[in-house]
Amino acid sequence: MREAMKAIEAEAKERAGAKEASKAVRAGADQEEIAQAVKQAKDKATPPAKAQRNFTDPESRIMKTADASFHYCYSGQAVVDEKSQVVLACSHPAGH
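Read on for a plain summary of the structure. These numbers come from a predicted model, not from an experiment.

### Points about the overall build of the protein chain
Broken down by element type, the protein chain carries two helices and four strands. The C-alpha atoms of the protein chain give a radius of gyration of 18 Å, which is well past the 12 Å a tight globule of 96 residues would have. Each principal axis of the C-alpha distribution contributes one length, and for the protein chain these read about 45 × 40 × 25 Å. Residues classed as buried in the protein chain amount to 17% of the 96 residues present. In the protein chain, the proportion of contacts linking residues at least 24 apart, taken out of those at least 6 apart, comes to 33%. Element-wise, carbon and sulfur atoms account for 55% of the exposed surface of the protein chain, whose accessible area totals about 7800 Å². Between the averaged position of the 15 positive side-chain charges in the protein chain and that of its 14 negative side-chain charges there is a distance of 6 Å.

Encoded structure:
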């Protein structure tokens, strides 16, 4: 449980930092200002009250499915060349 809570907290800090960095870049901040904004955002970040973690498969996420129920799922992404039908790139967002 402690490890899962640490992971949830770390994820909240990373999301807050990334969001603040993006906002600072759009505002035209320099590298030092961006770093300071990220640090402050991470220091203040807290996970959502309903944040959850799958103990057996931490890379899966709870997603709403076609039948309107919720299941642990993955969200894979792929880029395919239309002409040759070759996979050019792929990612698994939950696994970074």
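### What about the side chain of Ser60?
Tracing the backbone through its elements, the reader meets Ser60 in the loop between helix H2 (31-44) and strand S1 (61-64). Looking at Ser60, the relative accessible area reads 4%, which means it is buried. At 2.9 Å, the side chain of Ser60 forms a polar contact with the backbone oxygen of Asp57. Residues within four places of Ser60 in sequence aside, it is in contact with Asn54, Tyr72, Cys73 and Tyr74.

About the criteria used
Residues numbered from 1 in each chain as written. Predicted model: local features only at pLDDT ≥ 70, side-chain atom pairs only at ≥ 80, totals over all residues. Heavy atoms only, no water. Helix = DSSP H or I, 4+ residues; strand = E, 2+ residues; numbered from the N terminus. Rg over C-alpha atoms; globule rule 2.2 N^0.38 Å. Buried < 20%, exposed > 50% of the residue type's maximum accessible area, 1.4 Å probe, protein only. Contact = heavy atoms within 4.5 Å. Areas by Shrake-Rupley, 256 points an atom, 1.4 Å probe, with all protein chains shown as cover. Lys, Arg positive; Asp, Glu negative; His and termini not counted. Charge placed at Lys NZ, Arg CZ, Asp CG, Glu CD. Polar contact = N/O pair within 3.5 Å; in protein donor to acceptor, adjacent residues only side chain to side chain.

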